[in-house]
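Architecture and fold: a report
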Amino acid sequence: MAPLALHPDRALPAEPGVRAIARRLYAATAGLPLVCLHGHVDAAELAADVPFTDPAQLLVVPDHYVTRMLVSQGVRPDQLVAPGLDPREIWRLFCASWPLFRGTPSRYWLEHELVELFGIDERPGADNADRLYDRIAEVLARPEFRRLALLDRFGIEVLATTDPATCDLTAHEKLAAAGYRGRIIPTFRPDAVVYPDRPGWRADVDLLGRLAGVDVSNYHGYLDAVRRRRRAFADAGALATDHGHDTADTTPLPDDEAERIYAAGRTGSATPAQAQAFAAHLLFQMARMSCEDGLVLQLHPGVLRNHHDGIAAAYGPDRGFDIPVAAEFTRALRPLLQAFGHEPGFRMVLFTVDETVYARELAPLAGAYPSIRLGAPWWFLDSPDGMRRFREAATETAGFANTSGFVDDTRAFASIPARHDLARRIDAGYLARLVAEHRLGEDEAHETAIDLAYRLPKAAYQR
Amino acid sequence: MAPLALHPDRALPAEPGVRAIARRLYAATAGLPLVCLHGHVDAAELAADVPFTDPAQLLVVPDHYVTRMLVSQGVRPDQLVAPGLDPREIWRLFCASWPLFRGTPSRYWLEHELVELFGIDERPGADNADRLYDRIAEVLARPEFRRLALLDRFGIEVLATTDPATCDLTAHEKLAAAGYRGRIIPTFRPDAVVYPDRPGWRADVDLLGRLAGVDVSNYHGYLDAVRRRRRAFADAGALATDHGHDTADTTPLPDDEAERIYAAGRTGSATPAQAQAFAAHLLFQMARMSCEDGLVLQLHPGVLRNHHDGIAAAYGPDRGFDIPVAAEFTRALRPLLQAFGHEPGFRMVLFTVDETVYARELAPLAGAYPSIRLGAPWWFLDSPDGMRRFREAATETAGFANTSGFVDDTRAFASIPARHDLARRIDAGYLARLVAEHRLGEDEAHETAIDLAYRLPKAAYQR
Amino acid sequence: MAPLALHPDRALPAEPGVRAIARRLYAATAGLPLVCLHGHVDAAELAADVPFTDPAQLLVVPDHYVTRMLVSQGVRPDQLVAPGLDPREIWRLFCASWPLFRGTPSRYWLEHELVELFGIDERPGADNADRLYDRIAEVLARPEFRRLALLDRFGIEVLATTDPATCDLTAHEKLAAAGYRGRIIPTFRPDAVVYPDRPGWRADVDLLGRLAGVDVSNYHGYLDAVRRRRRAFADAGALATDHGHDTADTTPLPDDEAERIYAAGRTGSATPAQAQAFAAHLLFQMARMSCEDGLVLQLHPGVLRNHHDGIAAAYGPDRGFDIPVAAEFTRALRPLLQAFGHEPGFRMVLFTVDETVYARELAPLAGAYPSIRLGAPWWFLDSPDGMRRFREAATETAGFANTSGFVDDTRAFASIPARHDLARRIDAGYLARLVAEHRLGEDEAHETAIDLAYRLPKAAYQR
């Protein structure tokens, strides 16, 4: 088999002079703790701290970057993500498909995990799939490979989960009792109670009301319930809310119109247009609440979820069939920013999967409004060249201090160190180029590298 | 005169370490046969195999990349593309304008042709225009410079023409009889019978019906005629259809609405909005037919044709006044992909002249749906930096296997080898950077270079 | 303090081979005169030639690139741009914020000015703010630091100001009398009299009429007044008009509709939609007038001005809260280009802050229509990487000759040499890469570098 090893200079620029600088900058950040203030690791699994079951369940099935690539080349979803499958068979499919990942960040992360976590030294393939499976399964069974143990091994200083507004936070209570208070923290994600045309919206809203101890039969009770659940999350250590809206629209509605749409939602008669208007209105309200309770507002707009209904119906969401659309922030955020953009207590972190807005809209906004930070490259853009293009497009207008530093945003727990490591390498390479082009002193680049890897993510959220 | 020569390292990356790798990768593909499965070489001219008449008719007049540049700097179209002009005068204008092409792919292709085909060793200019003209004219008169002879000299394994749905395919019959069956093949291009508000639509539809032997007085007859002509093309060796739509919209219409618009088209009363809706509906129907007959659906949307009416009226289409507009694929393709995106027999190749969709829409779509391949950079983007940006934007999400490999898409027959050669150099350079950054093994890059140059175009079309 | 010095290779490519070529190309342009045919230096201040008052008023307060960055990190606008502030306090805030500018062009320009104009050799910071203030203030008091003296020191061959259509041109008369005729010239900027829903529009239109000696109570008088003021500007040496429209729309209106909207504007009842339609119509009319009087039409569309009303109300316009939006040119310019795009006497220079249109729309348009030149990267894009991306996106379709060469477009007088110098370095780097990749001869690159720095800006405007 072809050997597998991690080159110490991987993802650093090829030009020897720039690489030499990049090596020095990377060395200053490689050992820093990981600040993970937005992600999708499951809180209940952390609290239960059960072992990972097998290689396929760890590295393939829950990773939509991986399953989508296999599906795109003809593997059927029912061979990968259906219940009752033999994990070894899934793993064999994955190993045989290894060449598909050439040039992708998945390949980069997976290599890092295979080598660093499991001591694998050969490239996956059809021939060695079973051997690799056995090797990884053996490691997974060890006690030091439980999630909470990995937290220390990975050097994770703080880890935020993302939790629905209707989460009762018992997993976080349990983690707090086990000594993780302030280290594993929740994030308030209200999407399920925001779009009143969503199937299940009313049930979720009712649950929200019960958890908050508030009558949600009317709009004002609903707003009150949202406010109280935000407080409960904040009391459990949350630093932020997260909003996965279709667009960045923040136009507020007149109170009576909001009430009318809310009422329509409760009778199941809200139209899609009403639902969109209500969601925009809610985003405006969330900013107002952020000014009150200090939670940082994270906005992740612009993804058309479940592009293929059949995949969603058969296998559920997050199966790789979420596709970006063009984004617009300048006009969409204006109502919110007119109202709260200069509030000293308000902080908003903006993410996008449409990189055309980096230079055109997001950097100009983040380079003007004190409340805005520009989030790290998200999802499809969280990749070597994607991160490089982000710095090239955003820095000249927004500088570094108006960006959030690295945010891993992953549900693949074992990939967290690989993702932070890659981001540190790419930022080192970008900064090294500025130094080599005499646009920045190496002392300044050194300080900035540490800002991007460690200080800025903390400053963006832990204010 | 300044000397003209082709440097062996041209279009490879400048950094010596990366260049050394790129040289090795390029060497593995430089001699591979050319797979030309989409282009605009004229079938009748191939079948007749008449000699090229003169340098201006070969290299200037039919090449809208060239004429548009001259016009943009003040040469009048009636000096270039009007009937009855002295080809030597056209050639002189072209040579005197040589500096205009600095930094353009036309310059790159033309240099390749001048040196490789005609043995020219001096840069074109006002002073040597006549000498070059005579030299080229002398070569063009040789029998080995006929089109079919060049097919061998160029190493073209297979060449697809693009032919209107109303083409009777006699040229291809003649070519088949001459031994080119399966080597020179047609492509079914129905645009002229798709937009029912186009002048001449009814005449073209009637011709389609006659060729198909079907009554096209109603919509169902029309659909049947389309289906039969597709079969006739497939029987003549066609592997694909091609669709130059204004947008990528694929929303199907209810049957009765399609019938109504068809009927309106026949009486000349279809509105532009109806015509757009009908075209979108037809694209959906074409996908359905592709599932049946196996023809690959190529989509080339997003160009506003004949931006200047006066140029079109005086000199016809394809004169350089086609200008791109912003493209949208995520929502536009959703109806088609919901219906056929997972059909095992369906294949669609997507092209764009709006590169903002590479990372945002096309790579996410191609990296999920098994039916999609992402076509090569098209038209204005078929250029050294354009091709490099394509790989950088698309690979991290779609990988390599979800791209089509190189597609030359040219009407300039003599430029075909230059275009393939340039693409192979750019891909070698991109892959070399991945190797130099330790993101890919050189053995993998070697295999991938051959995929992109040869295996993937065959796999995309010849399934 | 950390030392401050300008490296001779700054902003040149890092790779040694490419840098060596770039050095030679840059050397050929470094000493060329500055052609400044679009900018915002104040004509009255030039005519009065009063000394600059203090470092804060020279380098901080009027520079929205600088103040916006400070505000984005929590400095309150009333600490920076309110009347009556102590300039030394402003300067201290600025120096303490120096690290914010890392990676931005402001940092690059400011370094150039601090070193070259004021002989500063230490990085600004909280500790040395007062020392730097005193040093700069001492220099500013010298007679050789008056604006007109700097004109010679900077090597400015010609400088265009931008002046409202209602400007009486007395400053330019005074400058002409002082020997600057043809060297300091006005530019006709009619924006204030174009949007009939703008507060103050009627007063400005009335003033326009008085200056033109024309009755503007009706639309035809208004058009006549515009035409006469254009002539007055041309007589005072103007070469161009400038238009800061919301969009690039150029759809003409029927005469009676234009009259109706004009009348509505005069009674204060024009709707926003009418105002947009009128502005588009006016752009069409301006092109017609350009054909008559030869003034070059500069278009700067796509910025949402005064994104935050509160900032605008408290501190006025141009405070850093102008945010770009997505631009569209292909359809928007079509009416104008159908009518005037091939007129021999017509010239239009197009600017954008949405770089997605470079390759998609602007280069294809500029590479076809003889009337179009593609302007230099504007505003947020006038930066090292922004300028590099512009050349990479535009050149392959438009070539070099269809671009305007460098346009500094600044209101920061002292930054003019820095901006031209940076552009010359970036263009040298881009051309050097083409040479190193054997896509261009070094002799050609040498000639092109001089074109971009000097010949093309003159050719674009001084026809």
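Residues numbered from 1 in each chain as written. Chains lettered and ligands numbered in written order. Predicted model: local features only at pLDDT ≥ 70, side-chain atom pairs only at ≥ 80, totals over all residues. Heavy atoms only, no water.

**Notes on the overall build of chain A**
For clarity, the threshold we go by: Here a strand is any run of E in DSSP of at least two residues, a helix any run of H or I of at least four, and the numbering for each starts at the N terminus. Residue contacts are defined here by distance: any two heavy atoms, one from each residue, within 4.5 Å place the two residues in contact. Areas reported here follow the Shrake-Rupley algorithm with a probe of radius 1.4 Å; residue values treat only the protein chains shown as occluding.
When its secondary structure is counted, chain A shows 19 helices and 11 strands. Expressed as a percentage of contacts within chain A between residues at least 6 apart in sequence, the contacts between residues at least 24 apart total 77%. If you sum the accessible surface of chain A, you get close to 14,800 Å²; carbon and sulfur atoms cover 52% of it.

**Describing the interface of chain B and chain A**
Short version of the rule: In this description, buried area is defined as the sum, over both parts, of the accessible area (probe of 1.4 Å) that is lost when the two are combined. We define a salt bridge as a contact between a side-chain nitrogen of Lys or Arg and a carboxyl oxygen of Asp or Glu at a distance within 4 Å.
With 44 residues of chain B at the contact, the number on the chain A side is 49 residues. For the pairing of chain B and chain A, the buried interface totals around 3,700 Å² over both sides, and the portion due to carbon and sulfur atoms is 50%. Area buried by chain B at its contact with chain A is led by Arg360, Glu396 and His438 of chain B, which between them contribute 19% of it. Where chain B meets chain A, there are 10 salt bridges.

**Let's talk about the relation of the copies chain B and chain C**
Test applied: The atoms used to superpose the copies are C-alpha atoms, taken from residues with pLDDT of at least 70 in both, and the fit is least squares.
Expressed as a screw transformation, the operator carrying chain B onto chain C has a rotation angle of 120° and an axial translation of 0.0 Å, and the superposed copies differ by an RMSD of 0.0 Å. The two molecules are tied by a three-fold rotation axis, judged by turn and shift. Mapped onto chain C, only 4% of the interface residues of chain B are again interface residues, and the two copies thus contact each other with different surfaces.

**Observations concerning the relation of the copies chain B and chain A**
Expressed as a screw transformation, the operator carrying chain B onto chain A has a rotation angle of 120° and an axial translation of 0.0 Å, and the superposed copies differ by an RMSD of 0.0 Å. Comparing interface residues between copies, only 5% of those in chain B also lie at the interface in chain A; the contact surfaces differ.

**Here we look at the interface of chain B and chain C**
Convention followed: Under the rule applied, a polar contact is a pair of N or O atoms within 3.5 Å (in protein, one hydrogen donor and one hydrogen acceptor; residues adjacent in sequence only if both atoms are side-chain atoms). Each residue is assigned to one class: nonpolar for Ala, Val, Leu, Ile, Met, Phe, Trp, Tyr, Cys and Pro, charged for Asp, Glu, Lys and Arg, and polar for all the others, Gly among them.
In this assembly, 49 residues from chain B lie in contact with 44 residues from chain C. Each partner contributes to the roughly 3,700 Å² buried at the junction of chain B and chain C, and carbon and sulfur atoms together form 50% of this total. Counting across the chain B and chain C interface gives 10 salt bridges. For the salt bridge of Arg107 of chain B with Glu444 of chain C, the shortest nitrogen-to-oxygen distance reads 2.8 Å. Taken together, chain B and chain C are joined by 29 residue pairs in polar contact (both at pLDDT 80 or more). Only helix H1 (16-29), helix H4 (64-72), helix H6 (105-116), helix H14 (309-315), strand E9 (323-324) and helix H17 (384-398) of chain B provide two or more residues apiece to the side of chain B that touches chain C. Looking at which element gives the most residues to the side of chain B that touches chain C, the answer is H17 of chain B, with 5 residues. Residue classes in the side of chain B that touches chain C are distributed as 20 nonpolar, 14 polar and 15 charged.

**Some details on the side chain of Thr166 of chain B**
Residue and element names in this part refer to chain B. Cut-off, in case you're wondering: Note on classification: 1.4 Å probe, protein chains only; a residue is buried when its accessible area is under 20% of the maximum for its type, exposed when over 50%, partly exposed between these limits.
Tracing the sequence through the fold places Thr166 in the loop between strand E3 (163-164) and helix H9 (170-180). Taking relative accessible area as the criterion, Thr166 reaches 16% and is therefore assigned buried. The residues contacting Thr166, other than those within four sequence positions of it, are Val193, Asp204, Leu207, Leu208 and Leu211.

**Observations concerning the sheet that holds strand E1 (residues 34-36) of chain A**
Note on sheets: strands pair through backbone hydrogen bonds, and any given pair is parallel or antiparallel. All names here are of chain A. Keep this limit in mind: At least two DSSP bridges between two strands are required for those strands to pair. Throughout, an axis means a line fitted to C-alpha atoms (over the contacting stretch in the case of helices), and angles, computed between N-to-C directions, take values from 0 to 180 degrees.
One open sheet holds the 3 strands; their spatial order is E1-E2-E4, and the pairing between them is parallel. Either end of the sheet is taken by a strand with one partner, and the two such strands are E1 and strand E4 (184-185). Looking at chain direction, E1 and strand E2 (residues 156-160) are connected through 3 bridges and run parallel. Its bridge partner lying in E2, Val35 is registered against Val158. Sheet strands touched by helix H18 (residues 416-436): E1 and E2. Its angle to E1, the strand with the most contacts, is close to 110°.

**Focus on the nonpolar core**
Operational definition: Here, nonpolar core means buried Ala, Val, Leu, Ile, Met, Phe, Trp, Tyr and Cys residues that are tied together by side-chain atoms lying within 4.5 Å of each other.
With 120 residues, the main nonpolar core has Trp91, Phe94, Phe118 and Phe413 of chain B together with Tyr222 of chain C as its most contacted residues. The element best represented in this core is helix H13 (residues 272-293) of chain C, accounting for 9 residues. Counting 119 residues, the second largest nonpolar core, distinct from the first, contains Phe188, Val194, Leu299 and Tyr358 of chain B.

**So, the domain arrangement of chain A**
Quite often, the size of an interface is put as the accessible area lost when its parts meet. All names here are of chain A. Counted only if it meets this: Domain ranges listed in this record stem from an automatic or a database domain assignment.
Domain parsing of chain A yields domain 1 (16-52 + 145-460) and domain 2 (53-144). On a C-alpha basis, the centroid separation for the pair domain 1 and domain 2 is 28 Å. For the pair domain 1 and domain 2, the interface holds 0 salt bridges. Taken together, the connections running from domain 1 to domain 2 amount to 8 residue pairs in polar contact (both at pLDDT 80 or more). At the level of secondary structure, the elements contributing two or more residues to the side of domain 1 that touches domain 2 comprise helix H8 (147-153), helix H14 (309-315) and H18. When residues of the side of domain 1 that touches domain 2 are assigned to their parent elements, the largest contribution, 6 residues, is made by H18. The residue inventory of the side of domain 1 that touches domain 2, partitioned by class, reads 18 nonpolar, 3 polar and 10 charged.

**Some details on the packing of helix H11 (residues 219-235) of chain B against helix H12 (residues 255-266) of chain B**
Residues and elements named next belong to chain B. Defined as follows: Note on angle classes: values under 35 degrees are labelled roughly parallel, values over 145 roughly antiparallel, values of 65 to 115 roughly perpendicular, and the remainder oblique.
Close contact between H11 and H12 brings their axes to 9 Å; oriented N to C, the two are set at 90°. For the element pair H11 / H12, the angle class is roughly perpendicular. Between H11, through Tyr219, His220 and Tyr222, and H12, the contact on the second element is made entirely by Asp255, Ala258, Glu259 and Tyr262. Considering only residue class, the contact of H11 with H12 consists of 4 nonpolar, 1 polar and 2 charged.

**Details of the pattern of salt bridges**
Any two side chains of opposite charge can pair, on the condition that their charged atoms come close. Tallied over the entire structure, the rule returns 146 salt bridges over all chains. Residue Glu392 of chain A pairs with Arg433 of chain A through a salt bridge whose shortest N-O separation is 3.6 Å. Of this pair, Glu392 of chain A sits in helix H17 (residues 384-398) while Arg433 of chain A is found in helix H18, placing the two residues 41 residues apart along the sequence. As far as burial versus exposure is concerned, Glu392 of chain A and Arg433 of chain A are alike and both buried. Between Asp427 of chain B and Arg391 of chain B there is a salt bridge, and its shortest N-O distance comes to 2.9 Å. In this pair, Asp427 of chain B is assigned in helix H18 (residues 416-436) and Arg391 of chain B in helix H17, connecting sequence segments 36 residues apart. Look at Asp427 of chain B and you get buried, because its relative accessible area is 10%. Accessibility expressed as a relative area gives 4% for Arg391 of chain B, which makes it buried.

**What to know about helix H13 (residues 272-293) of chain B**
The line we're drawing: An expected span of 1.5 Å times one less than the residue number is assigned to each helix.
The end-to-end C-alpha distance of H13 of chain B, which contains 22 residues, comes to 30 Å, matching closely the 32 Å that a straight helix rising 1.5 Å per residue would cover. One or two positions beyond H13 of chain B, positive phi appears at Gly294 of chain B, with a value near 80°.

**A closer look at the packing of aromatic side chains**
Note the following rule: Only centres within 6.5 Å qualify two rings of Phe, Tyr or Trp (six-membered ring in Trp) as a pair; their planes then separate them into stacked at under 30 degrees, edge-to-face at over 60, and tilted for everything else. Only Lys NZ and Arg CZ are tested; either one counts as a charge over a ring when it is within 6 Å of the ring centre and within 35 degrees of the ring normal.
Applying the stated criterion across every chain, the model contains 63 aromatic pairs over all chains. Ring centres 5.0 Å apart and planes at 85° place the aromatic pair Phe321 of chain A and Tyr369 of chain B in the edge-to-face group. In this pair, Phe321 of chain A sits in the loop between H14 and strand E9 (323-324) while Tyr369 of chain B sits in the loop between helix H16 (356-366) and strand E11 (372-374), so the two residues belong to two different chains. For the pair Phe321 of chain A and Tyr369 of chain B, one class covers both residues: buried. With 5.1 Å between their ring centres and 45° between their planes, Trp91 of chain B and Phe94 of chain B make a pair best called tilted. Residue Trp91 of chain B and its partner Phe94 of chain B are located together in helix H5 (residues 87-96), separated by 3 residues, close to a single helical turn. Residue Phe94 of chain B is classed as buried on the basis of its relative accessible area of 0%. Members of the aromatic cluster, each reached through a chain of ring pairs, are Trp201, Tyr219, Tyr222, Tyr262 and Phe278 of chain A. Over the ring of Trp109 of chain A we find Arg419 of chain A, and its NZ or CZ is 3.7 Å from the ring centre.

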